[in-house]
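Here is how the chains run, residue by residue.
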Amino acid sequence: MTDCHLKRAVVCLRRIDESQEQVVKRKRVNSDDCNGKGKTKKRKMDEESEAATVIHRMDQREFESAEGENLDPSLEGFLQIMDHMFERTADLDLAEIMDNEDEDLSAVSSSDPVLDESLLGPIVLESDKLKSYGLTNKISCRKLVRLLKILHLCVTVPAAVVDSEDIESFSDIDDDSLKQLIASLNASLAILNIMTSPGMPKVVYMEELVLRIVKTAKLYLQNFLYAQFDPRYCMDKEFVKGRSVSAAKRNDRAATRDGRALQMYALLTRILALLSHLVEMQELTDVFVLEASSLAISPFLVENVHELQLVSLKLTYKIFSRYEKHQQLILEDILLLLAKLPCTTKNIRSYRNSHSEQIQRLTMLILHLFQSVVKCTKDVFKSKKIQADDNVTAELLSSYNKSLKTAQVFLSLFLSKCSARSEEDYRPLFENFVMDLLDIVHLPEWPSVEPILIILSSLLVKQFRTKSADMPSRVAALGYLGLIAARLRKEDASRRENSEIEDVLTQHGFQLLDEVQKAAHLQNLLLDYLSIKSEDESSSYFCRLFYIAQWCSDHAKSLSSSPVTGEMNGLSKEIVSRARSAHCSSSSSNGPVRNESASQAVNGLSKETISKVQTVLQALLTKKCPESGTMLLSSSGARAVARYLASRRSFVQKSHSSVLHSCADVSLMHILLIVGETTSALRSKAMKCLAGVIDADPQVLLMREVQDAIHCRCLDQSVSVRDAAIDLLGKSILQNEDLVDSYYGMLSERILDTGISVRKRVIAIFRDVCLKFPMHSKVPDMCGQMLKRIGDEEGIKKLVTETFEGMWFTPLDETDVVAIRQRVDNIVGIVAACRQSFISDWMEQLVFSLLKKEKDRHHALILSTCKTIVNGLVQVLPDLVEEFKDGSVPDCSRLVAAFTSLYIFCKLKPEFLVPHCNSLHIFLDPDYLSQMDNIVRHHAVHVVEMILPFLKNPDQQLMTQIENFLKKLILSLGTLIVQRSFSCLAVLVKKVTHNYSTVEFCFHKFFRVLLHYQIEHEKNPSSPILKSNVPLLLRSLFIVGLLCEHFDCDEFGDHTTDDLLDRIFQTLFYFTSHESEDARMKALDAIGHMAIAHSDLMLHSQLRDLYTRHLSDASLSVKLCCQVLKNIRAYLVEEEARMMAADHRWKELHNQESLKEMADVQSGMAGTIIQVYLKMTLELSFFPDVDVRLSALNLIATVLHQGLVPPNQCVPYLICLGSDYNSSISQKANHWLKEIHKKDQRFIQAKEALQGVRMSYQLQLKLHDSRIATAHDTNSSTKPSSLNGFLYSLLRANRGYRRVFLRLLLRLFDDSQDTDLKELIFASDCIAGFGFQQQDEVLYLIHQLDSIVSNSGSNVLRLFTKVLYPDKEEQKKRDDEDDDEEDLDSVLQIMPEDVTRFRRLCVKSQRFHLLLLLRRFLMSHYGISDRIIQQYSPTDSAKMYDKPLNIKNSSKFNSGSNVIDALLQQQDISRRELAKVYLSFKDLMIAICDVAEDENLNQAQTGKAIAGLSSNGSS
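Student: I tried to follow the overall build of the protein on my own but got confused; where do I start?
Tutor: Regarding its fold elements, the protein presents 65 helices and four strands. Here the protein holds 1515 residues, and the buried ones make up 52% of them. The contacts in the protein between residues at least 6 apart in sequence include a share of 77% that link residues at least 24 apart. For the protein, the exposed area adds up to about 70200 Å²; of that, 50% sits on carbon and sulfur atoms.

Right, here's the structure in full:
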């Protein structure tokens, strides 16, 4: 023996002495412990003595049997090596060393090896040979045990490696330590070779040896090998240690692997393979199982160790299937390892199967574990004559149910960790796991995926239906369920569309068979495919066995008449019935899987069912295996077969209608049910999940239930839910063009939604539809709808601008005639389709917003594109005219649209049309296309008018021709064309031709007509000649007014300007009193045009009195009143235009003259004029005629736009007009309220708001002919809404403003206020329809309401008592008694004969009765309980009650206006009706008082209890 071994023996002897001394010390300290340990040691010595006796006997038998036999050369060589090892270790007391070695890492470390590699290498080789020959059992058992103990001492870790912290890789380990590492692994390999040899005695299986091998292998793997093969593992490990590693060092580790590392890798791979054999051969202890499972799982966290992972997989599922009680611990270890995965490897999917699908290796491991639970004691695939008896059937069904139970336990644990609050976030891991399952669903190698998804679906349903769970967990569970439903739907859709299964059936001649026979043959094909194709024999065995058990279980369930438990019991009858009926409240759900033992699995079935299942099983087991090398199915064909067989499975029991529901159907039904939840977050998530399902299978959208759900959610009160519903519709429409017509109406309604995100979503959908289906008939309407939102808030305006910029204003090649024509036709078609929607205004805003951008290269491109479009529009005009002439089109709408588009571009950039003046002037000729729409001529005149100032050196002949055309238009066409022609003529004469003779001729011609008509009218107003010349009179009045607007009086002749001006005014004023209303209208119109150019006339006494009389006297003509308002507004508009022009000129010439001061003078003139007529204009808000109110609102809007008066003067009237039933009036008024509020919230104070509400009541009285007016918005049919609801929506954001406004509204009900009951009905209706959104709003309102009712209402109730009980003693008696016993008959008996006073009290009580009815409505409508009301205090924090409200009851508020109307009309009301009014009021008062008393009583009892506890504590 060498010195090294002698030192080793000395060390061992020292350890023995030290251990003996420690034992003596322990005996002295604690005799009980000493006795216990003594007994243990004695028991151990007895066991060793017995084992030695057994070994001696076995050695004797082996020796006797070996006598006379010749030894095998391999056996002889092994014995020689073994004897040599015994000689080397003869001086070691192995028993003492084994007894005193600890099991920690320090025990398996040593500085010197017991045996070197020269002995360990041969012993490994020879032991492997003996194992293969089956000769190991020929060796003496005593020698084998001694050999194992010697090898046990060699399984060590070098002390230099254990003690050093600087070792990071193999390059840091010295050669001696590396040799000892290899020797340790060889010793471990030799031990396992001996233990796993066939026919070995039980004493050879020493647990401490195997446990030491497992720990040593784990240490080698984690500390050295993983880092050498996986750079990420090394990086993450060093990151945890806080070290920094250079990139060069990391690359060096990844690129080079030490030869010793490869040798260690091969040895460790063999060790794990032998451990898996050992697990299969021998029953091992719990400690070993836990250590071995941890060792087997760890390689799946590392990359580039494929061979090691294969043997680890085999070891893992052998442990998992053999030791059932450790399965949950193993699964928990896997989850723990998942959570501890480094961030760099959590999302890596490095496992690629035969179908090129990549998943995480841990997912692959988990699925293998689930499949390995299904087992059969008989090797059903190797036995030639296997009989499918009751035991085989029961074992398969039982193990299949156990597999599902195991999956349920794992998934439940995984979900619980996802919802638990801890440092580790399991949700990304769970999402990766679910995505892996969905990626490999219906792959033939993974039959367990589909049952797992079904179990997972039921668990997710239970999760999001549990209202006690936190909301993020419920929303996440619903999202996962949506993913599963979408993927399974996609699989179903691909199965329907894919014909590969038909090819398989045709190829093998199965197409003519019935469904049952097809399924049987396809099952056999799939089993053949798995037996040949699988890389691992064990995994193939478990996979095929799982399929067989699954098919037998399905067959048993299909034959059984009673419900059979299985993987879908959690989604059983309860879920299907709930899916068909309305969604009710969540209840406690059974677990998703109910599993039975082997006996229960068979006892639950009838004998006939068992017999049939055994027949099916026998057919699957006795089939002939295919010859090796043959492939009956391709990979894609096998997947198609697996998908087809899965589609035939019954996931839910048959319903009464014999319809089978799949897991995808049930998941979809649950998503539809959750759409009706009260929580908006769940509803929104459900809609997103439904969108995913529809995206996977568009056929789902054809289901009636889905369509109803989408329609309801499009009208949901939550913006996020509506947004999700619209997004769903958009995705569906883009997939199927036929759905555009079906859902266009719904989408067009939502483009006016109150939610900004919803409007944006609709615009985005319309944009995508226009780009994807440009030829669809709804595209023009969609573009028109989008253009109308150009005036919306900035985000939407930007989206609309970008949309049309991409559609219309992308650069075009001027040589590409086809593209230009297509773009022009698109614009013309859209404008033509939206002709009645004032699209020109919206389109003008669009082009203006594009052209006002910063002048850069992009701006230049837009200008160039606009110019190209204008050129294309002009070029298309002749074609449109020809279409109209030929009659190929019914009208000239496209020609009108083309001119409308030209007008818009010309208004913003007249320079673009200057080159086309020669082409456009022909449209001014009245004789050209006489049947053409006047709008074309109007736009043509306007375009020419804007072009004229930009003409340089114009053609005089062209100008003369345009002038003649304008004369004809003035003399022959209507007012619209005449007015625009005079404006064009003024530009032409003043800036181009300077031919004032035409103007003078025209003026004298028509002014003489007026003078002559005035003289004749003064003589004989009833002259028939005058009546026949009324049309000429009307045209003359209109033309003279226009001439005075566009030209100065000195241009009309030699008359003095002032005299002529006064003469014209007096002449026109004369006709304002003409007996013909049309003449008066034209005269007023002419004076209005004249006043635009001569602002002094607006303050002329005669004109001011005339305007005042028409604005203040309601008995006069409505048309004349409207004309006056139009005149004032026209003056203000033109005055603003002149100011803007003057300001523009001042900016150009500000160094020369102060035109700004001139503008200020003009602005002051406009302000003075409007102050004269503003009060009368505001009062017209109550005018019964809608045209007058609309004209007054237009004038008010113009005044506010120009800023001529403070906005707060107009706010109450705008609130009043906002309650108008005419939508055009209310929308415009609300728009200006919003603009005022946007500029400064202080403009809309609570007092102005209250005044506006009271004005709204006055307006409604006028509209209802003094009947009782209500504040219900009849245009809102979906939910109760108030006519003043928009006002409250503006005040809602500011808590202070909101509370003051509500308090002022409720103060109207106080008996100190002399408010009419009809107005109180209107106010109560108004409050009920405000549409509150937060709890604080309703609670504050009820709190203020209760304070009014409790004070004033109680007084009224006491007055009733005095009237009914005049005697004071009787009143006192009634106060002491419970007066709840009063009923209708008793009240009628005590009611006085004279009911006048009683009736007055009934009238007085109605104001409080309205408040009580309002209180009851609010509580019912929003689900407010009395307990919350009693707990509320207005001084509480705003966040405490800042919770959203949900509408519980959609009924409308009933104020009982009929009773109040009868009381106020002094009608003969019977005594019985008066008694009913009293009792109704009294019951409501008592109800509110009882709640308050109960709360006070509870508070008093609580106070007494606290006082009692405090007194007991003090005593």
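On we go from here.
Student: I tried to follow the environment of E1248 on my own but got confused; where do I start?
Tutor: Structurally, the position occupied by E1248 is in helix α55 (residues 1246-1263). Each C-alpha atom of the pair E1248 and N1208 lies 7.6 Å from the other, and the pair is 40 residues apart in sequence. Once residues within four sequence positions are removed from consideration, E1248 is found in contact with N1208, V1211, P1212 and I1215.

Student: When you look at the packing of aromatic side chains in this model, what are you seeing that I'm missing?
Tutor: Across all of its chains, the model carries 32 aromatic pairs by this definition. Measuring from centroid to centroid gives 6.3 Å for F1360 and F1481, while their planes differ by 45°, and the two rings are tilted. Residue F1360 is found in helix α59 (residues 1335-1364), and its partner F1481 is found in helix α65 (residues 1471-1514); the two are separated by 121 residues along the sequence. The exposure class assigned to F1360 is buried, which follows from its relative accessible area of 0%.

Student: What is the right way to look at the packing of helix α36 (residues 817-833) against helix α39 (residues 893-908) in this model?
Tutor: When two helices pack together, their arrangement is given by the angle between the helix axes and by the axis-to-axis distance. Axis separation between α36 and α39 bottoms out at 8 Å; the angle between their running directions is 105°. As the angle between them shows, α36 and α39 are arranged roughly perpendicular. In this structure, α36 contributes D825, I827, V828, G829, V831 and A832 to the contact, and α39 contributes S893, R894, A897, A898, T900 and S901. Tallied by class, the residues present in the contact of α36 with α39 amount to six nonpolar, four polar and two charged.

Student: Explain the pattern of salt bridges to me, please; I cannot follow it from the model alone.
Tutor: With the rule as written, the count across this model stands at 30 salt bridges. Measuring nitrogen to oxygen at the nearest pair gives 3.1 Å for the salt bridge that ties D825 to R821. A residue pair is termed a helical-turn pair when its members lie 3 or 4 positions apart in one helix, as D825 and R821 do in helix α36 at four residues. Put simply, D723, D727, K731 and R761 are held in one network by salt bridges that share partners.

Student: What am I meant to see in a positive patch on the surface here?
Tutor: Side chains of R1358, K1362, R1397 and R1400 sit close together on the surface and give a patch of like positive charge. Locating R1358 in the fold gives a position in helix α59.

Student: Help me understand the packing of helix α52 (residues 1186-1202) against helix α54 (residues 1223-1239) in this model?
Tutor: Where α52 contacts α54, the axes come no closer than 10 Å and their chain directions differ by 20°. Judged by the inter-axis angle, α52 sits roughly parallel to α54. Considering the relative orientation of α52 and α54, their crossing is left-handed. Counted together, V1186, R1189, L1190, L1193, N1194, A1197, L1200 and H1201 of α52 and S1224, I1225, K1228, A1229, W1232 and I1236 of α54 form the full contact between these two elements. Taken together, the residues of the contact of α52 with α54 break down into nine nonpolar, three polar and two charged.

Student: Help me out: how do you make sense of the side chain of D753 in this one?
Tutor: Of note, D753 is situated in the loop between α32 (739-750) and α33 (756-772). Residue classification places D753 among the buried residues on the basis of a relative accessible area of 3%. Here R722 takes part through its side chain, which lies 2.7 Å from a polar atom of the side chain of D753. Here the side chain of D753 touches R750 through a polar contact of 2.4 Å, side chain to side chain. Residue contacts for D753: discarding those within four places in its chain leaves R722, V758 and R759.

Student: What exactly am I supposed to notice about unusual backbone geometry here?
Tutor: Most peptide bonds adopt trans geometry, and most residues besides glycine take a negative phi value. The backbone of H442 shows a phi angle near 70°, a positive value even though the residue is not glycine. Mapped onto the fold, H442 is located in the loop between α18 (427-439) and α19 (449-465). Overall, the relative accessible area of 9% leaves H442 in the buried class. A positive phi angle, close to 55°, is found at N953, a residue other than glycine.

Student: What is the right way to read the confidence of the model for the protein from this model?
Tutor: When pLDDT is low, close inspection of the predicted coordinates is not appropriate. The predicted model of the protein has a mean per-residue pLDDT of 75, with 74% of residues at 70 or higher. Mean pLDDT across the elements of the protein ranges from a minimum in helix α24 (residues 573-580), with 38, to a maximum in helix α53 (residues 1211-1218), with 93. Counted against residues more than four places away or in other chains, residues 1-69, with its pLDDT under 50, gives 45 contacts. Taken together, the stretch residues 235-257 has pLDDT below 50 and engages in 24 contacts with residues farther than four places along the chain or on a different chain.

Student: Which parts of the structure should I look at to understand the environment of M703?
Tutor: Assignment of secondary structure puts M703 in the loop between α29 (680-696) and α30 (704-714). With relative accessibility at 24%, the residue M703 sits in the partly exposed group.

Definitions and limits used
Residues numbered from 1 in each chain as written. Predicted model: local features only at pLDDT ≥ 70, side-chain atom pairs only at ≥ 80, totals over all residues. Heavy atoms only, no water. Helix = DSSP H or I, 4+ residues; strand = E, 2+ residues; numbered from the N terminus. Buried < 20%, exposed > 50% of the residue type's maximum accessible area, 1.4 Å probe, protein only. Contact = heavy atoms within 4.5 Å. Areas by Shrake-Rupley, 256 points an atom, 1.4 Å probe, with all protein chains shown as cover. Phe/Tyr/Trp six-rings, centres within 6.5 Å; stacked < 30°, edge-to-face > 60°. Axes fitted to C-alpha atoms, helices over the stretch in contact; angles between N-to-C directions. Parallel < 35°, antiparallel > 145°, perpendicular 65-115°, else oblique. Nonpolar A, V, L, I, M, F, W, Y, C, P; charged D, E, K, R; others polar. Salt bridge = Lys/Arg side-chain N within 4 Å of Asp/Glu carboxyl O. Patch = residues over 30% accessible without salt bridge, like charges linked within 9 Å, V, L, I, M, F, W, Y side chains within 5 Å. Lys, Arg positive; Asp, Glu negative; His and termini not counted. Charge placed at Lys NZ, Arg CZ, Asp CG, Glu CD. Left-handed = near helix turned anticlockwise from the far one by under 90°. Polar contact = N/O pair within 3.5 Å; in protein donor to acceptor, adjacent residues only side chain to side chain. pLDDT = per-residue confidence, 0-100.

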